[in-house]
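# Tertiary structure, described
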Amino acid sequence: MTSGQPLPQDREPSLTIAQVAERTGLSHDTLRYYEKAGLIERVGRTTGNQRRYEAADLAWLEFLLRLRETGMSIADMQHFARLRAEGDATVADRLAMLREHRADLDDRIRALRRNAAALDDKIEHYERLLHERQPGTDETT
């Protein structure tokens with residue numbers, strides 16, 4: 001992550017908030033919220049105080065999106081981000097969090113599959129009912 005300090009002029013171009021929003025699908029407001037909420041560290045700024053995201057910032061945002069899409073709460077994402085900011089001493093804690101989150105995700109996937117199967121059964125039931133009630137249908141087919 002980059003610090004909140006102005007970026008040196010000789011660096012290769014970084015991404016604007018608009019470019020990051022386009023790449024991630026996050027709104028400008030959400031990106032600002034993520035920074036304010038401590039999910040991402042303060043990003044670098046130009047001398048004109050415009051946010052500039054580096055490749056590492058984008059990679060971290062993409063990982064946060066994975067956590068969010070798989071149902072991790074904002075509070076847990078914030079906890080994970082704080083642990084990450086503390087460095088290598090927290091690797092075991094981060095690993096434990098991810099393992100627990102993965103186990104929860106596996107449970108939800110199993111539940112979704114059961115629910116999908118129940119829906120499939122009900123869909124087949126209603127399709128049979130419609131087929132049986134249509135005039136002119138041959139009951140032998």
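Use the structure listed above.
Structure report, in brief. Owing to the predicted nature of the structure, the values given are computational and were not obtained by experimental measurement. (Residues numbered from 1 in each chain as written. Predicted model: local features only at pLDDT ≥ 70, side-chain atom pairs only at ≥ 80, totals over all residues. Heavy atoms only, no water.)

### Regarding the overall build of the protein
- Across its full length, the protein holds five helices and two strands.
- Listed N to C, the secondary structure of the protein is α-α-β-β-α-α-α in terms of helices and strands.
- The buried share of the protein, reckoned over its 141 residues, is 28%.
- Summarising the internal contacts of the protein: among those between residues at least 6 apart in sequence, 58% fall at separations of at least 24.
- Within the structure as shown, the protein displays about 9,800 Å² of accessible surface, and the carbon and sulfur contribution to it stands at 50%. (Helix = DSSP H or I, 4+ residues; strand = E, 2+ residues; numbered from the N terminus. Buried < 20%, exposed > 50% of the residue type's maximum accessible area, 1.4 Å probe, protein only. Contact = heavy atoms within 4.5 Å. Areas by Shrake-Rupley, 256 points an atom, 1.4 Å probe, with all protein chains shown as cover.)

### As for unusual backbone geometry
- With a phi close to 70 degrees, Asn-49 is a non-glycine residue in the positive phi region.
- Positionally, Asn-49 belongs in the loop between strand 1 (44–45) and strand 2 (51–52).

### Notes on the nonpolar core
- Ranked by size, the top nonpolar core spans 23 residues in total, and within it Leu-31, Tyr-34, Ile-40, Tyr-53, Leu-61 and Leu-64 carry the most contacts.
- Every element with two or more residues in this core is listed here: helix 1 (17–24), helix 2 (28–36), helix 3 (55–69) and helix 4 (74–86).
- Among the elements that line this core, the one with the most residues is helix 3, at six residues.
- Not counting chain neighbours up to four residues away, the residues in contact with Leu-31 comprise Ile-17, Val-20, Ala-21, Leu-26, Ile-40, Tyr-53 and Leu-61. (Core = buried A, V, L, I, M, F, W, Y, C linked by side-chain atoms within 4.5 Å.)

### Some remarks on helix 2
- Every buried residue of helix 2 is listed here: Leu-31, Tyr-34 and Glu-35. Seen along its axis, helix 2 keeps its buried residues to an arc of 100 degrees; they face one direction. Residues Asp-29 and Lys-36 are exposed on helix 2 and point more than 90 degrees away from its buried face.
- On its buried side, helix 2 packs onto helix 1, strand 1, strand 2, helix 3 and helix 4.
- Two residues or fewer past helix 2, Gly-38 is found with a positive phi of approximately 85 degrees. (Arc of directions from axis to C-beta.)

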